[in-house]
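Letter by letter, the chains look like this.
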Amino acid sequence: MSKPFADFPERRDRTADFNRPVFLRMREGYQLIVRILDSHAEKVLKHWINSSKTSVLCLGDECPICQQNETIRRENPKTFQKIKGYIPVQRRWMVNILDRTPVIKDEETGEEYYAVKGKFPTVTRDGGRSLVNVQSVPSNTIKILERGQTLFEMFAVIHADSVTEGDDGETGGITTFDVKLVPAGSGTDMVISVIPQQRNDDVTPILEQNNLTSYILSTVGIELTPDEVTNVVRGVSIRDIFAARRAKDESDSDKELKSSFSDLSDKVATLFGEDDG
């Protein structure tokens, strides 16, 4: 039996990654053309910390947010969702996509600009440079598409409908053709339409020519320690969390270096100490 495009019940372990992956931006008025590159979507559980405007990976049994949520649910079984301090789990799925959307690019910074309702902007975001004569080209970049269950259920249906089982195995599927994504609305009210396209070319040459590599999705996300999660909920910024980590790492390195010098000094004393005779 073939592997489904997305498994919705399971949870996978996360590991930390402090690189900055590029995510596909969704905005009403965009019409995005993408090729999904992964035959299986990666599930991730997160908590959105509104005070710091960031999301952190859920730590499962060790997660202080989930522990607090459980206390709130127990004490307020009917109104727990409205209680201050309750931070629900967000179930998200991720795939690598090749962004094939036509964009114009700032020649100085390389920043991409999408057309909104069919029109490209005429100046850069900072207002410093004109974009009037810049020709649009396919983005041809790998980005991460991360959304909730509704969108990925649509992907799963399209994937299942387009897969063919044969003597030589499985062929077709959602990775073999482009899809158009059309967002409408914003925030939690955003609805994304998925429209399969006829374009089914092999994108391998594009990936190779542009030296494009997919992200390792199992390493994407901000994973903190339980104490760090508690601090973020209290209002400590992610930047300060990482700064504290670096300071601790440097302190630990200094301690190890001093210990090494101490051991070396003891050995030198043993080898070249004063002669008792």
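Residues numbered from 1 in each chain as written. Predicted model: local features only at pLDDT ≥ 70, side-chain atom pairs only at ≥ 80, totals over all residues. Heavy atoms only, no water.

Trainee: How should the nonpolar core be read in this particular structure?
Mentor: Side chains of a nonpolar character, in soluble globular proteins, are inclined to be buried together. Core analysis: the largest hydrophobic core is formed by 26 residues, its most contacted members being Phe5, Leu24, Leu145, Phe155 and Leu181. Looking at this core, the elements with two or more residues in it are strand S1 (32-36), strand S4 (89-99), helix H2 (149-162), strand S11 (179-184) and strand S12 (191-196). Top element by residues in this core is H2. It accounts for 5 residues. Residues Leu45, Val56, Cys58 and Val229 belong to the second largest nonpolar core, which totals 14 residues. (Core = buried A, V, L, I, M, F, W, Y, C linked by side-chain atoms within 4.5 Å. Buried < 20%, exposed > 50% of the residue type's maximum accessible area, 1.4 Å probe, protein only. Helix = DSSP H or I, 4+ residues; strand = E, 2+ residues; numbered from the N terminus.)

Trainee: Help me understand the packing of aromatic side chains in this model?
Mentor: Here the distance between the centres and the angle between the planes together describe a pair of aromatic rings. Throughout the structure, instances matching the rule amount to 3 aromatic pairs. Taking 5.2 Å as the distance between ring centres and 65° as the angle between the ring planes, the aromatic pair formed by Phe80 and Tyr86 counts as edge-to-face. Here Phe80 matches Tyr86 in class, with each residue buried. (Phe/Tyr/Trp six-rings, centres within 6.5 Å; stacked < 30°, edge-to-face > 60°.)

Trainee: What's the story with the pairing of S12 in this structure? I'm lost.
Mentor: Look at any regular strand and the pattern is simple: side chains alternate between the two faces of the sheet. Of the pairings in the sheet, the one linking S11 to S12 comprises 6 bridges and is antiparallel in character. Along S12, the bridge assignment pairs Leu181 with Val194. In this structure, the hairpin formed by S11 and S12 is closed by a connection of 6 residues, where Gly185 is found at a positive phi of approximately 85°. (Pairing = 2+ DSSP bridges.)

Trainee: Help me understand the pattern of salt bridges, please; the structure alone is not making it clear to me.
Mentor: Where side chains of opposite charge bring their charged atoms close, a pairing between them can arise. Under the criterion given, the structure shown has 16 salt bridges. A salt bridge links Lys143 to Asp99; the nearest nitrogen and oxygen atoms lie 3.0 Å apart. One end of the pair, Lys143, is in strand S8 (residues 141-147); the other, Asp99, is in strand S4, and 44 residues separate them in sequence. Residue Lys143 is classed as buried on the basis of its relative accessible area of 4%. Ionic contacts of the salt-bridge type, sharing partners, join the residues Arg35, Arg100, Asp178, Arg199 and Asp201 into one network. (Salt bridge = Lys/Arg side-chain N within 4 Å of Asp/Glu carboxyl O.)

Trainee: Where do I start with the confidence of the model for the protein chain in this structure?
Mentor: Detailed reading of predicted coordinates is not advised where the pLDDT is low. With 84% of its residues at a pLDDT of 70 or more, the protein chain shows a mean pLDDT of 88. Residue range residues 9-18 is modelled with pLDDT below 50. Its contacts to residues more than four positions away, or to other chains, number 31 contacts. (pLDDT = per-residue confidence, 0-100. Contact = heavy atoms within 4.5 Å.)

Trainee: How do you make sense of the sheet that holds strand S6 (residues 112-114) when you look at a structure like this?
Mentor: Taking strand neighbours across the sheet as the criterion, the 3 strands line up as S6-S5-S7 in an open arrangement whose pairing is antiparallel. Lying at the two open borders of the sheet, with one neighbouring strand each, are S6 and strand S7 (137-138). Summarising the sheet, strand S5 (residues 102-105) and S7 pair through 2 bridges and their orientation is antiparallel. Within S7, the position partnered with Val103 by the bridge is Val137.

Trainee: Help me understand H2, please; the structure alone is not making it clear to me.
Mentor: Three or four residues apart is the spacing at which side chains of an α-helix point the same way, because the helix has 3.6 residues per turn. Helix length check: H2 (14 residues) gives 20 Å between terminal C-alpha atoms against 20 Å at 1.5 Å per residue, within 8%. Of all the residues in H2, the buried ones are Leu151, Phe152, Phe155, Ala156, Ile158 and His159. Mapping the buried residues of H2 onto a view down its axis gives an arc of 170°, with all of them on the same face. Opposite its buried face, H2 presents the exposed residues Thr150, Val157, Ala160 and Asp161, each directed more than 90 degrees away. The inward-facing, buried residues of H2 abut S1, S4, S8, strand S9 (163-166), S11 and S12. (Expected span 1.5 Å × (residues − 1). Arc of directions from axis to C-beta.)

Trainee: It is not clear to me how the layout of surface pockets should be interpreted in this structure. Could you clarify?
Mentor: Unoccupied space between atoms shows up once a probe the size of one water molecule is rolled over them. Computed from the structure, the largest pocket encloses a volume of approximately 1200 Å³. Counting only elements with at least two residues in the lining of the largest pocket, the list comes to strand S2 (42-49), strand S3 (54-57), S4, S8, H2, S12 and helix H5 (238-272). Of the residues contributing to the lining of the largest pocket, the split by class is 18 nonpolar, 10 polar and 8 charged. Looking at the second largest pocket, its volume works out to about 160 Å³. Lining the second largest pocket we find Gly29, Tyr30, Gln31, Ile33, Thr101, Pro102, Tyr114, Ala115, Lys117, Gly118, Phe120 and Val182. Its residues assigned to classes, the lining of the second largest pocket shows 7 nonpolar, 4 polar and 1 charged. (1 Å grid on protein atoms, 1.4 Å probe; cavity = no way out; pocket = protein on both sides within 12 Å on 5 of 7 lines; lining within 4 Å. Points joined across faces, edges and corners; volume = space filled by probe spheres on them. Nonpolar A, V, L, I, M, F, W, Y, C, P; charged D, E, K, R; others polar.)

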